Amino acid sequence: LRSPSDPAPDRAGGAPSILADPIASQEILRRFPALARLPASEREASAALWQWDGARVLRGGDARKSAVLEAWRDAPGIYVVAPLVRAPDLPFSPFVPLAGDSSMAGPRDDCLEIADVRALDLSGCELAVISTCSSGAPYAGSRRMGPSFGDGFVDAGAGCVVQAAWEVDDARAARLMERFLAEWRSGARDPVGALAAARPAAIRGGLGPGPPRDCRA
């Protein structure tokens with residue numbers, strides 16, 4: 001990760017982008033029937049929108065692959081609050097499920113993969129928050145290691161990436177990220193310092209019950 005003290009690249013000229021609780025295509029739902037919507041995602045997306053005035057929000061059925069990728073190309077900030085799926089046949093390639101997109105020429109128009117993120121130039125993105133379960137967990141197989149979904153944003157040049165190393169509770173994560181965003185906005189836009197400031201409330205139980213590991217940075 002690029003440290004906040006490192007020289008930052010010129011910021012992108014577009015609007016920040018928020019991807020919130022996309023509706024999965026019927027094909028994905030057939031393959032993963034246990035896939036569920038995230039009840040607290042709207043609260044978390046609203047908190048991000050409050051801090052990123054003028055952000056473009058793509059949610060539900062509007063969160064199609066072409067729209068997401070286009071919004072991210074010149075976004076100075078990216079926020080993702082969505083399910084992250086690991087397919088048993090491709091566990092090293094996690095993806096965010098999306099609605100089908102007929103404008104995309106390809107068989108995987110209903111999912112956002114690491115390769116899609118890596119293909120972008122995100123050098124103008126100051127901060128990317130990937131608020132999904134295990135977004136920062138790499139694939140660890142018997143013979144090979146694979147990158148995490150969050151690694152794709154690092155590889156694409158994002159200035160700083162906030163990600164989760166394990167599965168987290170939806171509602172508790174939303175409260176933690178609300179506190180993080182408020183600290184980030186008021187604390188010289190330092191994401192490392194903001195996360196450190198938000199953690200004590202979680203450790204004290206001020207964000208609701210949950211395992212202590214949820215509070216680790």
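Residues numbered from 1 in each chain as written. Predicted model: local features only at pLDDT ≥ 70, side-chain atom pairs only at ≥ 80, totals over all residues. Heavy atoms only, no water.

(A) Spatial organisation of the sheet that holds strand β10 (residues 161–163). The strand order β2-β1-β3-β7-β10 describes an open sheet built from five strands, whose pairing is parallel. Every other strand in the sheet has two partners, leaving β2 (56–60) and β10 as the edge strands with one partner each. Recorded for the sheet is a direction-independent mean angle of 10° between the axes of neighbouring strands. As judged from the five bridges shared by strand β3 (residues 77–81) and strand β7 (residues 127–131), these two strands associate in the parallel manner. Residue pairing for β7: V80 is matched across the bridge by I130. Running at roughly 160° to β2, helix α3 (residues 65–72) makes contact with β1 (17–22), β2 and β3 of the sheet. Across the face of the sheet, helix α6 (residues 170–186) comes into contact with β3, β7 and β10 while running at roughly 170° to β7. (Pairing = 2+ DSSP bridges. Helix = DSSP H or I, 4+ residues; strand = E, 2+ residues; numbered from the N terminus. Axes fitted to C-alpha atoms, helices over the stretch in contact; angles between N-to-C directions. Contact = heavy atoms within 4.5 Å.)

(B) Inspection of unusual backbone geometry at higher detail. Backbone geometry places D21, a non-glycine residue, at a positive phi of 40°. As for its position among the elements, D21 is in strand β1.

(C) Here's a closer look at the environment of A194. In this structure, A194 sits in helix α7 (residues 191–203). It is 5.5 Å that separates the C-alpha atoms of A194 and F180, two residues lying 14 residues apart in sequence. Aside from chain neighbours lying at most four places away, what touches A194 is F180, E183 and W184.

(D) Structural view of the nonpolar core. Membership of the largest hydrophobic core comes to 28 residues, with the highest contact counts inside it found for L19, W72, I78, L122 and F153. Breaking this core down by element, the ones donating at least two residues are α3, β3, α4 (114–118), β7 and α5 (149–155). Sort the elements by how many residues they give to this core and α3 lands first, with five residues. Those residues in contact with L122, other than ones at most four positions away along the chain, are W72, I78, V117, F153, A156, G157 and A158. (Core = buried A, V, L, I, M, F, W, Y, C linked by side-chain atoms within 4.5 Å. Buried < 20%, exposed > 50% of the residue type's maximum accessible area, 1.4 Å probe, protein only.)

(E) Region of interest: the pairing of β1. Among the six residues of β1, six are classified as buried, and the element is accordingly described as predominantly covered. Examined bridge by bridge, β1 and β2 share five bridges and lie parallel to one another. Opposite L19, over in β2, you have L58 as the bridge partner. Taken together, the four bridges between β1 and β3 define a ladder with parallel strand orientation. Its bridge partner lying in β3, L19 is registered against V80.

(F) View of the environment of D121. Inspection of the secondary structure assignment puts D121 in the loop between α4 and β7. Classification of D121 by relative accessible area gives exposed; the value is 54%. A polar atom in the side chain of D121 sits 2.8 Å from the side chain of S123. (Polar contact = N/O pair within 3.5 Å; in protein donor to acceptor, adjacent residues only side chain to side chain.)

(G) Structural context of the pattern of salt bridges. Evaluation of the coordinates by the stated rule reveals six salt bridges. With a shortest N-O distance of 2.9 Å, R43 and E178 are connected by a salt bridge. With R43 in helix α2 (residues 41–51) and E178 in helix α6, the pair connects residues that are 135 residues apart, well separated along the chain. The exposure class of E178 is partly exposed, given its relative accessible area of 24%. Taking the shortest distance from any N to any O, the salt bridge between K65 and D116 comes out at 3.0 Å. Residue K65 is found in helix α3, and its partner D116 is found in helix α4; the two are separated by 51 residues along the sequence. A single burial state applies to K65 and to D116, both of which are buried. (Salt bridge = Lys/Arg side-chain N within 4 Å of Asp/Glu carboxyl O.)

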